[in-house]
Amino acid sequence: MKKCNECKVEMIDGSLYGKPRFIDMDHDIDKFYVDIKIGSKTTLFGLKKDEIKRIALNIKLCPNCGKVEMYINPDDIKK
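Residues numbered from 1 in each chain as written. Predicted model: local features only at pLDDT ≥ 70, side-chain atom pairs only at ≥ 80, totals over all residues. Heavy atoms only, no water.

**Topic: the overall build of the protein chain**
(1) Moving on: Broken down by element type, the protein chain carries one helix and four strands.
(2) Moving on: For the protein chain, the N- to C-terminal ordering of α and β elements is β-β-β-β-α.
(3) Moving on: Burial status across the protein chain gives 9% buried among its 79 residues.
(4) Moving on: Put simply, of all contacts in the protein chain between residues at least 6 apart along the chain, 36% involve residues at least 24 apart.
(5) Moving on: Approximately 6700 Å² of the protein chain is accessible, and the part contributed by carbon and sulfur atoms is 54%. (Helix = DSSP H or I, 4+ residues; strand = E, 2+ residues; numbered from the N terminus. Buried < 20%, exposed > 50% of the residue type's maximum accessible area, 1.4 Å probe, protein only. Contact = heavy atoms within 4.5 Å. Areas by Shrake-Rupley, 256 points an atom, 1.4 Å probe, with all protein chains shown as cover.)

And the structure:
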(Lines give C-alpha, C1' and ligand atoms only; values in the text may rest on other atoms or scores of the structure.)
Protein backbone atom coordinates (compact mmCIF):
# COMPACT_ATOMS: atom_id res chain seq x y z
CA MET A 1 0.00 0.00 0.00
CA LYS A 2 1.37 3.36 -1.05
CA LYS A 3 0.21 6.67 0.36
CA CYS A 4 0.28 9.88 -1.64
CA ASN A 5 3.05 12.22 -0.44
CA GLU A 6 0.79 15.24 -0.98
CA CYS A 7 -2.51 14.30 0.69
CA LYS A 8 -1.68 11.08 2.59
CA VAL A 9 -4.50 9.16 0.84
CA GLU A 10 -3.96 5.55 -0.22
CA MET A 11 -3.04 5.38 -3.90
CA ILE A 12 -4.79 2.97 -6.25
CA ASP A 13 -3.41 0.84 -9.09
CA GLY A 14 -3.82 2.15 -12.60
CA SER A 15 -2.60 1.40 -16.09
CA LEU A 16 -1.19 3.39 -18.97
CA TYR A 17 -2.73 3.34 -22.41
CA GLY A 18 -1.20 4.55 -25.62
CA LYS A 19 -1.88 4.23 -29.30
CA PRO A 20 0.87 2.14 -30.86
CA ARG A 21 2.42 2.87 -34.23
CA PHE A 22 1.59 -0.67 -35.28
CA ILE A 23 -0.35 -3.58 -33.85
CA ASP A 24 0.74 -7.16 -34.03
CA MET A 25 -0.24 -10.25 -32.07
CA ASP A 26 2.77 -9.98 -29.69
CA HIS A 27 2.33 -6.30 -28.82
CA ASP A 28 0.21 -5.30 -25.81
CA ILE A 29 -1.20 -1.85 -26.48
CA ASP A 30 -2.03 -1.16 -22.81
CA LYS A 31 1.36 -2.08 -21.36
CA PHE A 32 4.55 -0.07 -21.22
CA TYR A 33 8.02 -1.32 -20.40
CA VAL A 34 11.40 -0.07 -19.21
CA ASP A 35 14.52 -1.43 -20.94
CA ILE A 36 17.48 -1.90 -18.59
CA LYS A 37 21.01 -2.60 -19.81
CA ILE A 38 22.23 -5.68 -17.96
CA GLY A 39 25.95 -5.14 -18.54
CA SER A 40 26.67 -7.75 -21.19
CA LYS A 41 26.86 -7.54 -24.96
CA THR A 42 25.10 -9.56 -27.62
CA THR A 43 25.79 -9.87 -31.33
CA LEU A 44 23.15 -8.93 -33.89
CA PHE A 45 24.07 -9.28 -37.57
CA GLY A 46 27.75 -9.15 -36.62
CA LEU A 47 27.39 -5.95 -34.58
CA LYS A 48 27.80 -5.86 -30.83
CA LYS A 49 25.01 -4.23 -28.86
CA ASP A 50 24.07 -3.95 -25.21
CA GLU A 51 21.87 -6.75 -23.96
CA ILE A 52 18.70 -5.48 -22.30
CA LYS A 53 16.06 -6.76 -19.94
CA ARG A 54 12.48 -5.53 -20.49
CA ILE A 55 10.49 -4.87 -17.29
CA ALA A 56 6.83 -3.90 -17.03
CA LEU A 57 6.10 -0.31 -15.97
CA ASN A 58 3.30 0.06 -13.40
CA ILE A 59 1.51 3.10 -12.00
CA LYS A 60 -0.25 4.20 -8.85
CA LEU A 61 -2.54 7.20 -8.75
CA CYS A 62 -4.06 9.30 -6.01
CA PRO A 63 -7.87 9.44 -6.22
CA ASN A 64 -7.85 12.72 -4.29
CA CYS A 65 -5.31 14.97 -6.07
CA GLY A 66 -4.68 12.98 -9.28
CA LYS A 67 -0.93 12.56 -8.76
CA VAL A 68 0.48 9.68 -10.83
CA GLU A 69 3.63 7.73 -9.90
CA MET A 70 5.36 5.20 -12.14
CA TYR A 71 7.33 2.28 -10.72
CA ILE A 72 8.77 -1.12 -11.53
CA ASN A 73 8.76 -4.20 -9.33
CA PRO A 74 12.32 -4.47 -7.92
CA ASP A 75 12.05 -8.28 -7.90
CA ASP A 76 11.77 -8.20 -11.71
CA ILE A 77 15.28 -6.72 -11.93
CA LYS A 78 16.74 -9.65 -9.98
CA LYS A 79 15.16 -12.36 -12.19
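**A few points about the pattern of salt bridges**
A side chain of one charge can pair with a side chain of the opposite charge when the charged atoms of the two come close.
(1) Moving on: In total, this model carries seven salt bridges according to the counting rule given.
(2) Moving on: The residue K37 makes a salt bridge to D50 at a minimum N-O spacing of 3.3 Å. Here K37, found in strand β2 (residues 32-44), pairs with D50, found in strand β3 (residues 47-61); they are 13 residues apart in sequence, far enough to count as distant.
(3) Moving on: Classification of D50 by relative accessible area gives partly exposed; the value is 29%. (Salt bridge = Lys/Arg side-chain N within 4 Å of Asp/Glu carboxyl O.)

**Thoughts on unusual backbone geometry**
(1) Moving on: In this structure, K8 is a non-glycine residue whose phi angle is positive, near 60°.
(2) Moving on: Residue F45 is not a glycine yet carries a positive backbone phi of 55°.
(3) Moving on: You can call F45 exposed: its relative accessible area is 78%.

**Observations regarding the environment of A56**
(1) Moving on: Locating A56 in the fold gives a position in strand β3.
(2) Moving on: Residues A56 and I72 lie 16 residues apart in sequence; the distance between their C-alpha atoms is 6.5 Å.
(3) Moving on: In contact with A56, other than residues within four places in its own chain, are F32, Y33, Y71 and I72.

**Digging into the pairing of strand β4 (residues 68-71)**
Within a regular strand, side chains alternate between the sheet's two faces.
(1) Moving on: As paired strands, β3 and β4 are joined by four bridges and run antiparallel to one another. Bridge pairing in β4 places K60 opposite E69.
(2) Moving on: Here β3 folds back onto β4, and the loop between the two strands holds six residues, one of which, G66, carries a positive phi near 85°. (Pairing = 2+ DSSP bridges.)

**Describing the side chain of K60**
(1) Moving on: Position of K60 among the secondary structure elements: in strand β3.
(2) Moving on: Of the residues examined, K60 reaches a relative accessible area of 17% and is grouped as buried.
(3) Moving on: Within the local environment of K60, its side chain forms a polar contact with the side chain of D13, the two groups lying 2.8 Å apart.
(4) Moving on: With sequence-adjacent residues up to four places away left out, K60 is seen in contact with M11, I12, D13, K67, V68, E69 and Y71. (Polar contact = N/O pair within 3.5 Å; in protein donor to acceptor, adjacent residues only side chain to side chain.)

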